[in-house]
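As a plain string of letters, each chain reads:
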Amino acid sequence: MLRSRFILARISHSRVELNFRYRLLKGTCCLIGHRTEPHIRHSNSNLLVIMAGHHVLLTGPPGIGKTTVVKKLCELLKEKNMMYQGFFTEEVRNGRERIGFDIVSTFGKHGTLARVSIPNIRGPKVGKYTVDVSSFEALALPVFDCAPSSILILDEIGKMESFSKPFLSKTREAFAKDGIKILATIPVARNALPFVDELRNRKDCLLIQVTKENREDLPSEIVLHLLKT
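Position labels on residues start from 1 in each chain and follow its written sequence. Totals for whole chains, interfaces and linings use every residue, but because this is a predicted model, local features are given only for residues with pLDDT of at least 70 and side-chain atom pairs only at 80 or more, for both listing and counting. Values reported for side chains reflect all heavy atoms of the structure, with hydrogen atoms and water molecules removed beforehand.

If you look the protein chain up in an unreviewed UniProt entry, it shows as Cancer-related nucleoside-triphosphatase homolog from Nephila pilipes.

Grouped together as the largest cluster of nonpolar side chains are 35 residues, with contacts concentrated most on Phe-87, Leu-152, Leu-154, Ile-157 and Phe-167. We call two residues in contact whenever any of their non-hydrogen atoms come within 4.5 Å of each other. Not counting chain neighbours up to four residues away, the residues in contact with Leu-152 comprise Gln-85, Val-143, Phe-144, Cys-146, Ala-174, Ile-180, Lys-181, Ile-182 and Leu-183. In these notes, a set of buried Ala, Val, Leu, Ile, Met, Phe, Trp, Tyr and Cys residues joined through side-chain atoms within 4.5 Å is what counts as a nonpolar core. To sort residues, take the accessible area from a 1.4 Å probe on protein chains only and compare it with the maximum for the residue type: under 20% means buried, over 50% means exposed, and anything in between is partly exposed. Within the second largest apolar cluster, 20 residues are counted, among which are Ile-64, Val-69, Met-82 and Leu-206.

What follows is about the packing of aromatic side chains. Any two of the Phe, Tyr and Trp rings considered here, Trp counted by its six-membered ring, make a pair once their centres fall within 6.5 Å; the pair's planes then place it as stacked at under 30 degrees, edge-to-face at over 60, or tilted in between. With the rule as written, the count across this model stands at 5 aromatic pairs. Ring centres 5.9 Å apart and planes at 90° place the aromatic pair Phe-87 and Phe-136 in the edge-to-face group. Within this pair, whereas Phe-87 is found in strand β5 (residues 84-94), its partner Phe-136 is found in helix α2 (residues 133-140), the two being separated by 49 residues in sequence. Per residue, the accessibility class of Phe-87 equals that of Phe-136, and both read buried. Relative to Tyr-129, the ring of Phe-101 lies with its centre 5.3 Å away and its plane at 65°, an arrangement referred to as edge-to-face. Of this pair, Phe-101 sits in strand β6 (residues 97-105) while Tyr-129 sits in strand β9 (residues 129-131), and the two are 28 residues apart along the sequence. Secondary structure elements follow DSSP: runs of H or I no shorter than four residues count as helices, runs of E no shorter than two count as strands, and numbering proceeds from the N terminus.

Below, the discussion takes up the pairing of strand β11 (residues 181-186). For β11, the buried fraction is high: 6 of the 6 residues fall into the buried class. Alternating residues of β11 divide into Lys-181, Leu-183 and Thr-185 and Ile-182, Ala-184 and Ile-186, and every residue in both groups is buried. Think of it this way: DSSP has to see at least two bridges between two strands before they count as a pair. As judged from the 4 bridges shared by strand β4 (residues 55-59) and β11, these two strands associate in the parallel manner. Bridging across to β11, Leu-58 finds its partner in Thr-185. With strands facing away from the observer, any crossover in which the path from the first strand over the helix to the second runs clockwise is taken as right-handed. Tracing the backbone out of strand β10 (residues 151-154), into helix α3 (residues 165-176) and back to the parallel element β11 gives a crossover that is right-handed.

Next up on the list: the packing of helix α1 (residues 66-79) against helix α5 (residues 218-228). For the pair α1 and α5, interaxial distance at closest approach is 8 Å and the crossing angle is 50°. With respect to α5, the axis of α1 lies oblique. Classified by chirality, the crossing of α5 by α1 is right-handed. Contacts from Val-69, Lys-72, Leu-73, Leu-76 and Leu-77 of α1 reach α5 at Leu-218, Pro-219, Ser-220, Ile-222, Val-223 and Leu-226. When its residues are assigned to classes, the contact of α1 with α5 shows 9 nonpolar, 1 polar and 1 charged. Lines fitted to C-alpha atoms define the axes, with helix axes restricted to the stretch in contact, and inter-axis angles between N-to-C directions lie between 0 and 180 degrees. Here the word oblique covers every angle except those under 35 degrees (roughly parallel), over 145 (roughly antiparallel) and from 65 to 115 (roughly perpendicular). Left-handed describes a crossing whose near helix is turned anticlockwise from the far helix by less than a right angle; the clockwise case is right-handed. Following the grouping adopted for this structure description, the nonpolar residues are Ala, Val, Leu, Ile, Met, Phe, Trp, Tyr, Cys and Pro, the charged ones are Asp, Glu, Lys and Arg, and the polar ones are all others, Gly among them.

Relative to the helices and strands, Asp-155 resides in the loop between β10 and α3. Of note is the side chain of Asp-155, whose polar atom sits 2.7 Å from the side chain of Thr-67. Dropping the residues within four chain positions of it, Asp-155 is found in contact with Thr-67, Phe-87, Phe-88, Thr-89 and Thr-185. Polar contact is defined as a pair of N or O atoms within 3.5 Å, subject to the rule that within protein one atom must be able to donate a hydrogen and the other to accept it, and that residues adjacent in sequence are counted only when both atoms are side-chain atoms.

Counted at 1.5 Å a residue, the expected span for α1 with its 14 residues is 20 Å, and the 20 Å between its end C-alpha atoms agrees. Buried-residue contacts for α1 involve β4, β5, β10, β11 and α5. Phi turns positive one or two residues past the end of α1, at Asn-81, with a value near 60°. The length a helix should cover is 1.5 Å for every residue beyond the first.

Here the focus is α2. Buried within α2 are the following residues: Val-133, Ser-135, Phe-136, Leu-139 and Ala-140. Projection of α2 onto a plane perpendicular to its axis shows the buried side chains occupying an angular sector of 165°, all on one side. The outward face of α2, more than 90 degrees from its buried face, is lined by the exposed residues Ser-134 and Ala-138. Looking at the buried side of α2, the elements it contacts are β5, β6, β7 (110-115), β9 and α3. Think of it as the arc spanned by the lines of direction from the helix axis to the C-beta atoms.

So, in structure tokens, the structure goes:
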């Protein structure tokens, strides 16, 4: 079977050393490796680069399907009776026009994250959107009170969410806790948000580039990883 075939190889580089195996996933190569340096560059967008650690960070351009991967993964976790809680970020549209974003907890509660216009609220701006920090915190902060063996879902840790200092503080604390595994999405751009770069460079994190070629297989692959770590 294609999924059981792999080739072991070793690459040495002046700054990065990878021990990896290639697996064929529906005709797409999947690179799994161990990072010894914080910066790994790869030119092939079809490669899925996974670095050592037990937390999982999904990255990729807007619209690539990061949230969809997270939601499908949560469905698999539920099927396997694995505890999880957290939140997703969803677009809000008026017809074909995107007018903002909502934060939705894994328990189904909705809150406003940002809107093109929010009456009586003067919050920080990201492009044309005004961020409702108070609404975000009211829903996001309680998700950190989870059982030690739970998987914490944070979709996403981006520029809008970074306006909440309590959220950044609780996120940093969660990554440092024993027992909790974290699945989070982060922007693809480097050097844009210092806190995101801090997470990206942690040695206990897996960094996964979501692509059109691998996004269908990622939920099951990540669940298998979470079960093993």
